[in-house]
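# Per-entry structural report
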Amino acid sequence: MRAQDDAGATVATGVAAGLDPAVSVAGIRCAHPVWTASGCCNYGRELAALFPLRELGAICVKGTSVEPWTGNPGPRVAETAAGLLNAIGLQNPGVDHLLSVELPWLTAEGATVVVNVVGRTIEEYVAVVERLGTAPTGAVAGIELNISCPNVREGGLQFGADARAAAEVTAAVRAATRLPLVVKLSPNVSDVAAFAAAVEAAGADAVSLINTLLGMAIDPTRRRPVLGNTTGGLSGPAVKPVALRMVWEVSRAVSIPVVGVGGIASGLDAAEFLLAGARAVQVGTAIFADPWSPLRIRDELLGWMREQGIRRVSEVVGAARPR
Amino acid sequence: MARPAALHTPDRTGGWSQLEDTESPDGRVRSPWAHETATILRHARGGPDWYTLTLSAGALATAALPGQFVQVDVRGDGAVARTADPLLRRPLSLCTIDAAGGRISLIYRVVGRGTALLARARPGDRLSLLGPLGRSFPEPSRRPDQPLLLVGGGLGIPPLAGAAAWARRAGRQPVALLGARRAADLAGVTEVRAAGGAVVTATEDGSAGRRGLVTDILSARLSADMEVWACGPNPMLAAVADLCRRAGAECWLCVERPMACGFGVCIGCAISRAAGDGYLKACVDGPVFAAAEVNVLA
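Every value quoted in this text rests on a predicted model; they were computed, and no experiment measured them.

Moving on to helix α3 (residues 95–108) of chain A. All names here are of chain A. With 14 residues, α3 extends 18 Å between its outermost C-alpha atoms, agreeing within 8% with the 20 Å of an ideal straight helix rising 1.5 Å per residue. Glu-102 marks the point of greatest bend in α3, at about 45°, and the proline Pro-104 comes within the next four residues. Turning to α3, its buried residues are Val-95, Leu-98, Leu-99, Glu-102, Leu-103, Trp-105 and Leu-106. Where α3 is buried, its residues meet α2 (45–48), β4 (58–64), β7 (113–117) and α4 (122–132). One or two steps after α3, the chain reaches Gly-110, where phi turns positive at roughly 80°.

The next point concerns the nonpolar core. Counting 147 residues, the largest nonpolar core has Trp35(A), Leu132(A), Leu209(A) and Phe288(A) as the members making the most contacts within it. The residues that make up this core include at least three from each of domain 1 (6–10 + 21–133) and domain 2 (140–254) of chain B. Here Phe288(A) is in contact with Gly39(A), Cys40(A), Leu84(A), Leu88(B), Ala260(B), Cys261(B), Phe263(B), Val265(B) and Cys266(B), once residues within four sequence places are set aside. Formed by 30 residues, the second largest nonpolar core is a distinct cluster that contains Phe137(B), Leu148(B), Ala161(B) and Ala167(B).

So, on to the domain arrangement of chain B. All names here are of chain B. Along its sequence, chain B is carved into domain 1 (6–10 + 21–133) and domain 2 (140–254). Between the C-alpha centres of domain 1 and domain 2 there is a distance of 24 Å. Taken together, the contacts link 17 residues of domain 1 with 17 residues of domain 2. At the boundary of domain 1 with domain 2, total buried surface from both sides reaches about 1400 Å², with 71% on carbon and sulfur atoms. Remark: the boundary between domain 1 and domain 2 carries zero salt bridges. Across the domain 1-domain 2 interface, the total number found is two residue pairs in polar contact (both at pLDDT 80 or more). Taken together, the elements giving at least two residues each to the side of domain 1 that touches domain 2 come down to β3 (50–56), β5 (90–98) and β6 (103–109). Examining the composition of the side of domain 1 that touches domain 2, we find that four residues originate from one element, β5, more than from any other. Considered class by class, the residues forming the side of domain 1 that touches domain 2 number eight nonpolar, six polar and three charged.

Let us look at the sheet that holds strand β14 (residues 250–254) of chain B. Residues and elements named next belong to chain B. Strand order in this open sheet of seven strands is β12-β11-β10-β9-β13-β14-β17, and the pairing throughout is mixed. This sheet does not close on itself; its edge strands, each paired only once, are β12 (210–211) and β17 (288–290). Pairing analysis gives six bridges linking strand β10 (residues 175–180) to strand β11 (residues 198–203), with the strands arranged parallel. Across the sheet, the residue bridging to Ala-180 is Thr-203, located in β11. The strands that helix α5 (residues 214–221) touches are β9 (148–153), β10, β11, β12 and β13 (227–231); relative to β10, the one it contacts most, it runs at about 150°.

We now examine the side chain of Asp285(B). Within the fold, Asp285(B) resides in the loop between β16 (279–281) and β17. Among the polar contacts listed, one links the side chain of Asp285(B) to the backbone nitrogen of Lys281(B), at a separation of 2.7 Å.

Per the counting criterion, the structure on display carries six aromatic pairs over all chains. Grouping aromatic residues by their ring pairs yields a cluster made of Trp292(A), Trp33(B) and Phe263(B). When the ring centre of Tyr279(B) is taken as reference, the NZ or CZ atom of Arg76(A) above it lies at 4.6 Å. Lying over the aromatic face of Trp248(A), Arg252(A) brings its terminal NZ or CZ to 3.5 Å of the ring centre.

Okay, the environment of Asp205(B) next. All names here are of chain B. Residue placement: Asp-205 occurs in the loop between β11 and β12. Taking relative accessible area as the criterion, Asp-205 reaches 36% and is therefore assigned partly exposed. Separated by 22 residues in the primary sequence, Asp-205 and Ala-183 place their C-alpha atoms 8.3 Å from one another. Beyond its immediate stretch of four places on either side in the chain, Asp-205 contacts Arg-181, Arg-182, Ala-183 and Arg-211. Only 2.6 Å separates the side chain of Asp-205 from the side chain of Ser-207, close enough to count as a polar contact.

Cut-offs applied
- Residues numbered from 1 in each chain as written.
- Chains lettered and ligands numbered in written order.
- Predicted model: local features only at pLDDT ≥ 70, side-chain atom pairs only at ≥ 80, totals over all residues.
- Heavy atoms only, no water.
- Helix = DSSP H or I, 4+ residues; strand = E, 2+ residues; numbered from the N terminus.
- Expected span 1.5 Å × (residues − 1).
- Bend = angle between axes of the 7 residues up to and from the residue.
- Buried < 20%, exposed > 50% of the residue type's maximum accessible area, 1.4 Å probe, protein only.
- Contact = heavy atoms within 4.5 Å.
- Core = buried A, V, L, I, M, F, W, Y, C linked by side-chain atoms within 4.5 Å.
- Domains from an automatic or database assignment.
- Buried area = accessible area lost by both parts, 1.4 Å probe.
- Salt bridge = Lys/Arg side-chain N within 4 Å of Asp/Glu carboxyl O.
- Polar contact = N/O pair within 3.5 Å; in protein donor to acceptor, adjacent residues only side chain to side chain.
- Nonpolar A, V, L, I, M, F, W, Y, C, P; charged D, E, K, R; others polar.
- Pairing = 2+ DSSP bridges.
- Axes fitted to C-alpha atoms, helices over the stretch in contact; angles between N-to-C directions.
- Phe/Tyr/Trp six-rings, centres within 6.5 Å; stacked < 30°, edge-to-face > 60°.
- Lys NZ or Arg CZ within 6 Å of the ring centre and 35° of its normal.

Written as structure tokens, this is what we have:
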């Protein structure tokens, strides 16, 4: 635990020495750049029993739809080499539950809340966002538009795999809200930068990427797909190089902020994403084995910044030079 | 280079205080959970593919109740650099729980890379654990005079050792009906016997106890005044639930589901509700369910 103790010490002295880890992502103001990823922290209650949610840069809560969704039949998860396949199917209690139960609680916890929004149709996305507009000012820091879930038949990837549809849903949601709008992009396309440019043109304030990579696993003994949904989304360290490459490409193609997601399990992983062009990062799958990992990664990242003599996150965003 | 450093999980308090439904009116208990670094006291092969792991884990031994489980980091205690593979912890049911001695035991089958790695751990090694997770069997003292049958199959037997001991401390006289394909697969029978109370065994090939299925013994003994706690393969659990429903007996099932986090955030361990649409989470709503709540085969 010595490395951790050292990192913890560096945070304190780093702040004293003028290290300022605060970032603003399209108006979402965060004390530091480490967020939790949607679908990996539910609505925060389980993690709040372990540490105060206000210690997170932001919390991206579970993908939320206009009506409750039941999700997919199991098995919903399968571990792969350094990765995890999931096909949860966006099980969630609906936006009214979020507004009446979860959001007031999250506000009281002092969390910076980004609501991940899902829908089957453009109208459903807009309906969720309109309902979020009724929340008290400040309760919702921003919206993350999920057009990239590979595990639901309608919605999700039907928008995320077609640049025109992605732009269309982004524009419709843009017209329905003044909240900061982050669009979460799918890696399951050949030119992710083109999608980023399309949603930027349609009014997105930022993009986050990557959502999971489509994959599958087969049980050789039973000769059947392992997941109940047959295919699922791959996450975890296995996808990090792909995510990093896509963040690199997108950050060069758009002028809006980029949030990096995909296999981040350490402060140095997070640093790589910032250097590639991300202004903030999200920690997802790492939470499952180590629920404290978002804070560990924050501490490691800040320790690295201090070591490097970096005072502000903006000094490193996109600072990796082309070879 | 980008390898994660030491685990950021000092042994500190965790819990469920923020969940909406911390209380469980039916007697199943959800304990506060935390991270604990346990030390392996004993690690012995018990059968062709299963092992018994005895751990010194004081906080867990004090907090845990039968039916609950722990998430084990099969890569060790986290003081060494964590590798990215295997990525997830392995959920293992608690077998015996010795609060006074600060010990717990876990019995597991080697089914893949993670459990194969765990099988290489030696006495003196440390293991990073999260727990106790999930809801226990229902508090046995709530029905002091009701006959209690414990029904176990294969690797579902071990949790019934802790259950038998808990029931006996509550003044119950549990009878354990334990079955497996063959004698070598009767995992945890020694621990159930050590808890005291009657034990009846059955094997499909007749290599130990009676020849046949444990559900055959159950159906011969079951009556409406009884309470049944069962743990085992899904077809066995479905058969037990069906027998109990027809007999009018109260029935509790301890289920197993593929699982990622174990503490409620991933929603990976869904189990179908018996009535209506939707799913419950095996990790926080279970793993012990009233038989009428869930459809174990769906």
